[in-house]
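# Architecture and fold: a report
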Amino acid sequence: MGLSHYESFNVEVKDGIAHVQFSRPEAMNTMNRAFWLELPRCMADIEANTAARVIVISSTGKHFSAGMDLGVFSDPKAVPMSGDPGRMAENLRRVVLQLQDTLTSLEKVRLPVLAAIHGGCIGGALDLVCAADSRYCTEDAWFTIKETELGMTADVGTLQRLPKLMPEGVVRELAYTGRAFGARECQQLGFVNAVYPDQDTMLTEVMGIAGQIAANSPLAVTGCKEMLNYSRDHSVEDSLRYMATWQAGMFRPTDMMKSFQAKAQKQTPQYEDLFPVKPLFEQ
């Protein structure tokens, strides 16, 4: 099966790399209703219907993304603005949880996700890149927890994930003030892995990193992602125990033997793809 068509982004798979590129530059790639519905479907689509081993997310136009399209909340069917206050609150809570799940799809997908960011990465877009495995940006990139300036608390992941990615005191300042922070500050704080002079250079370099990932055993790489995500949210002891259980069940010497043989023959090892992720009982 081929990949689906999406309104919000274009997807190309080549050499084990799935490149997901936001495709609404005329609207500054705002995260509209279609985006929130399509992103988790796209992640599942890549796992089910491609041989990709890594995902790169980038964008088009002047900005990576201007964040949440406020039209998402203008549909009274999705977010009723009248009626019983308790029922309105219960409904809004479910809507927020669904929005959170959309971005959490970047963590749940078993492939590493690399975000290549240029221009503004604003509000909800910052929530999104916080859920990626690694971040890279151009010198003109800037980030902001914009929700504070708009009179609300960021609610789809930044406040939960960003303190795991840079010092908490800095995150608190950024959240309380809503000020913009640029590429060099992000690199100094460890939020981005590298800063590049322009988008073309960034994409070339990030695709190179993605290629290195794709060349490794996909079983080993997905094990790394599973362990790192688990360890972030659990104690060292719990994480070590989970690691032992994972290794007991998932480790097989096949890929290691391929590595040793390829090195001995001065060749590149060729690893089998993981089985596709399919809905239950689908063939």
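Coordinates for the structure precede this section.
By convention here, each chain's residues receive numbers from 1 onward along its written sequence. pLDDT decides what is reported in this predicted model: residues at 70 or higher carry local features, side-chain atom pairs at 80 or more are listed and counted, and totals for whole chains, interfaces and linings draw on all residues regardless. To get the side-chain values, all heavy atoms of the structure are used, and hydrogens and water are removed first.

## A look at the overall build of the protein
The test is simple: Each helix is a run of H or I in the DSSP string that is no shorter than four residues. Each strand is a run of E no shorter than two, and both are numbered from the N terminus. Based on C-alpha atoms, the radius of gyration is set beside the globule rule, defined as 2.2 Å times the residue count to the power 0.38. Burial classes: relative accessible area under 20% of the type maximum marks a residue as buried, over 50% as exposed, and values in between as partly exposed (1.4 Å probe, protein chains only). Surface accessibility follows the Shrake-Rupley procedure with a 1.4 Å probe radius. Residue values consider only the protein chains on display as shielding.
For the protein, the helix and strand inventory stands at ten helices and nine strands. Taken over the C-alpha trace, the protein has a radius of gyration of 20 Å; the compact-globule value for 283 residues is 19 Å, and the two agree within 12%. Expressed along its principal axes, the backbone C-alpha trace of the protein runs to roughly 65 × 45 × 45 Å. Here the protein holds 283 residues, and 43% of them are scored as buried. Counting only carbon and sulfur atoms, one obtains 56% of the accessible surface of the protein, whose full area is about 15100 Å².

## Some details on the pattern of salt bridges
Rules: One side-chain nitrogen of Lys or Arg within 4 Å of one carboxyl oxygen of Asp or Glu is enough to make a salt bridge.
For the coordinates displayed, the defined rule picks out 14 salt bridges. As a salt-bridge pair, E90 and R94 come within 2.8 Å of each other at their nearest N and O atoms. You can see E90 and its partner R94 sitting in helix α2 (residues 85-108), four residues apart, about one turn around the helix. Measuring nitrogen to oxygen at the nearest pair gives 3.0 Å for the salt bridge that ties R232 to D233. Sharing partners across several salt bridges, the network here consists of E107, R161, R232 and D233.

## Quick word on the packing of aromatic side chains
The condition is simple: The aromatic pairing rule takes the rings of Phe, Tyr and Trp, using the six-membered ring of Trp, and pairs them if the centres are within 6.5 Å, calling planes under 30 degrees apart stacked, those over 60 edge-to-face and the rest tilted.
Per the counting criterion, the structure on display carries nine aromatic pairs. Centroid distance Y6 to F9: 5.3 Å. Interplanar angle 45°. Geometry classified as tilted. Assigned by exposure class, Y6 and F9 land together as buried. Ring plane angle 45° and centroid distance 4.3 Å describe the contact between Y230 and Y242, whose orientation is recorded as tilted. With a gap of twelve residues between them, Y230 in helix α8 (residues 218-232) and Y242 in helix α9 (residues 236-250) connect regions that are remote in the sequence. The exposure class assigned to Y230 is partly exposed, which follows from its relative accessible area of 23%. An aromatic cluster is present here, built from Y6, F9, F22, F35, W36 and F64 joined pairwise through their rings.

## Considering the nonpolar core
Applied cut-off: Here, nonpolar core refers to any group of buried Ala, Val, Leu, Ile, Met, Phe, Trp, Tyr and Cys residues whose side-chain atoms link them within 4.5 Å. Note on definitions: a residue-residue contact is assigned when non-hydrogen atoms from the two residues lie within 4.5 Å.
One finds I55, L128, F143 and F191 to be the most contacted residues of the largest nonpolar core, which totals 53 residues. Contributions of two or more residues to this core are made by β2 (17-22), α1 (33-49), β3 (54-58), α2, β4 (113-117), α3 (124-130), α5 (168-177) and α6 (183-189). Among the elements that make up this core, the one with the highest residue count is α1 (six residues). Setting aside residues up to four positions removed in sequence, F143 forms contacts with I117, C121, L126, C137, R179, A180, F181, C186, F191 and V192. One finds V54, L114, A116 and A214 within the second-largest nonpolar core, a separate group that totals 15 residues.

## Observations regarding the sheet that holds β3
Spelled out, the test is: Strand pairing is defined by DSSP finding a minimum of two bridges between the two strands. Note on geometry: axes are lines fitted to C-alpha atoms, helical ones only across the stretch in contact, with angles between N-to-C directions running from 0 to 180 degrees.
In spatial order, the strands read β1-β2-β3-β4-β6-β9; together these six strands make up an open sheet with mixed pairing. The outermost strands of the open sheet, each flanked by one partner alone, are β1 (9-14) and β9 (194-196). Direction aside, the axes of adjacent strands within the sheet are offset by 20° on average. Note: β3 against β4, three bridges, orientation parallel. Bridging across to β4, I57 finds its partner in A115. Contacting β1, β2 and β3, α1 runs over the sheet at an angle of about 10° to β1. Across the face of the sheet, helix α7 (residues 199-215) comes into contact with β2, β3, β4, β6 (134-138) and β9 while running at roughly 170° to β4.

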